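Each chain, written out:
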Amino acid sequence: MRAARDREGLQGRIVSISGARLLNFASNDYLGLSAHPDVTGAAQKAVLEYGAGSGAARLLAGGTLLHQRLEEETAKFLGRESAIIFNSGYHANLGAIPALSGPEAEIFSDELNHASIIDGCRLSRAKVHIYKHKDNGHLEDLLKASGARKKLIATESVFSMDGDTAPLEEIFHLSEKYNALLYVDEAHAIGVFGGGRGLVSQLDLPPIPRLVQMGTFGKALGSYGAFIAADKDIIAWLQNTARTFLFSTALPSSIIGASLAALEIVSTGKAPIKTLWANRDFLLNGLKNSGLVLCPTESPIIPILFDSVEEVNELSKKLFDSGIYAPAIRPPTVKRPRLRITVSASHEEGDIGKLVATLKLLLR
Ligand SMILES: *Cc1c(COP(=O)(O)O)cnc(C)c1O
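The structure contained in this document is the topic of the report that follows. Everything numeric here is computed off the predicted structure, so don't read it as measured data.

1. Side note on the site of the ligand
Residues in close proximity to the ligand total 13 residues, the closest being G89, Y90, D185, H188 and K219. One of the backbone nitrogen or oxygen atoms of Y90 is found 2.9 Å away from an oxygen atom of the ligand. Within the contact set of the ligand, a nitrogen atom lies 2.6 Å away from a side-chain nitrogen or oxygen of D185. Here the ligand loses 85% of its free accessible area of 380 Å² to cover by the protein chains. With three residues, helix α3 (residues 89–100) is the largest single contributor of residues to the shell around the ligand. Of the residues in the shell around the ligand, the class split is two nonpolar, eight polar and three charged.

Okay, here's the thing in structure tokens:
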């Protein structure tokens, strides 16, 4: 059985768990923004101004002017007409995918898509076609064979457990050719790719109505919650039909204040994205020639693969005893057991050096 591992203090470069101080290689707080004074300060200010809880769903005045501003700023940040805030990435995928498809639609979903996308597909009651990971040939065969009037392609831009990226340009062309909506989950790309604007932005995909961008504030932005940015008609449709938006209490203003502050740091170019990538390259270089089997990662998610759960559990435990927190991820979350290392801008070179040296020592 797995059990929750709870911290005794801040989320950051160092975490304290069960009385041990550990170098943290498990966090998606890629830019170290969760403890940034502007971000925590904005949360404090908002909680005093608007209260701790929001009291109701958005349509019943649970939201505040901060919610409105965050939606406006998010849309502006991504160059889209409009945006809608969801309580989490899970809520976003669970609510938006059914709202954008439905029983008459067909959905085309990458086999490695996140559980929240899978569950959104299930709730939609659409016919779901799973295409082989990043396999555009397979995706096109399925699209070609489909007679559905309404089609939706769903993919992550950066895959959360493998760290690789989707061939978004080609998928975008397929979505045009076969008249499908393209739903891109940028949970691990916002704050990391495209100057923080995600992979869609890095690839300069045009902001046309069929393109729907989803992202979260809980990973690189160091806060919590999620957004969907798209055409204004799609956002209006989601505001009226996405059940996780309609029937769940709005996020508290403290969270929204934190997200606004984090977004400002990223959108004004003040986030340490370059440091993040330098750290990531430094770690990858260090792991070269180590004999370890890495996933073909293209992001700060660096998975090391193992044949057995026992092997990876034991390594993770030994790392813990050496002062390093790097969690084992195992089936059914992933097919092949792995140590999922995530690197952050807040790591120092010495931290990464220690991780590499310890791994080499333990695996000798
Ligand atoms: C983390 C994640 C989510 C869920 O987002 P939360 O805000 O944590 O609920 C959705 N999709 C992907 C790809 C993720 O990695």
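That was the structure; now back to the text.
2. Here's the deal with the packing of aromatic side chains
Under the criterion given, the structure shown has four aromatic pairs. Judged by centre distance (6.4 Å) and plane angle (85 degrees), the rings of F320 and Y325 are edge-to-face. Given a relative accessible area of 15%, Y325 falls into the buried group.

3. A word on the packing of helix α11 (residues 273–287) against helix α13 (residues 349–362)
Direction vectors running N to C along α11 and α13 enclose 25 degrees, while the axes themselves pass 10 Å from each other. Classed by the angle they form, the pair α11 and α13 counts as roughly parallel. Remark: the crossing between α11 and α13 carries right-handed chirality. Of α13, the residues touching α11 (which contributes N279, F282, L283, G286 and L287) are E349, I352, G353, L355, V356, L359 and K360. Across the contact of α11 with α13, the residue classes tally to seven nonpolar, three polar and two charged.

4. What to know about the sheet that holds strand β2 (residues 20–24)
Taken together, the three strands give an open sheet; going across it, the order is β1-β2-β12, and neighbouring strands pair in mixed fashion. Where the open sheet ends on each side, the last strands, each with one partner, are β1 (14–17) and β12 (324–325). As judged from the four bridges shared by β1 and β2, these two strands associate in the antiparallel manner. Paired with V15 across the two strands is L22, which belongs to β2.

5. What to know about the side chain of N113
The residue N113 is located in the loop between β4 (106–110) and α4 (115–124) in this model. Here the side chain of N113 touches S109 through a polar contact of 3.0 Å, side chain to side chain. Contact partners of N113, with chain neighbours within four places excluded, come to I118, A154, T155, E156 and F159.

6. Side note on the pairing of strand β5 (residues 127–131)
Here β4 runs beside β5; their pairing, made up of five bridges, is parallel. The residue bridging D110 from the neighbouring strand is Y131, located in β5. Remark: the β4/α4/β5 crossover connection has right-handed handedness.

7. Brief notes about α4
Where α4 is concerned, the buried positions are S116, I117, G120, C121 and S124. The arc enclosing the buried residues of α4, seen along the axis, measures out at 140 degrees, which places them on a common side. In α4, the exposed residues that point more than 90 degrees away from the buried face are R122 and L123. In this fold, the buried residues of α4 make contact with α3, β4, β5, β6 (151–156) and β7 (181–185). Of the residues trailing α4, R125 is marked for its positive phi of about 60 degrees.

What counts and how
Residues numbered from 1 in each chain as written. Predicted model: local features only at pLDDT ≥ 70, side-chain atom pairs only at ≥ 80, totals over all residues. Heavy atoms only, no water. Near = heavy atom within 4 Å. Polar contact = N/O pair within 3.5 Å; in protein donor to acceptor, adjacent residues only side chain to side chain. Areas by Shrake-Rupley, 256 points an atom, 1.4 Å probe, with all protein chains shown as cover. Helix = DSSP H or I, 4+ residues; strand = E, 2+ residues; numbered from the N terminus. Nonpolar A, V, L, I, M, F, W, Y, C, P; charged D, E, K, R; others polar. Phe/Tyr/Trp six-rings, centres within 6.5 Å; stacked < 30°, edge-to-face > 60°. Buried < 20%, exposed > 50% of the residue type's maximum accessible area, 1.4 Å probe, protein only. Axes fitted to C-alpha atoms, helices over the stretch in contact; angles between N-to-C directions. Parallel < 35°, antiparallel > 145°, perpendicular 65-115°, else oblique. Left-handed = near helix turned anticlockwise from the far one by under 90°. Contact = heavy atoms within 4.5 Å. Pairing = 2+ DSSP bridges. Right-handed = clockwise from strand over helix to strand, strands pointing away. Arc of directions from axis to C-beta.

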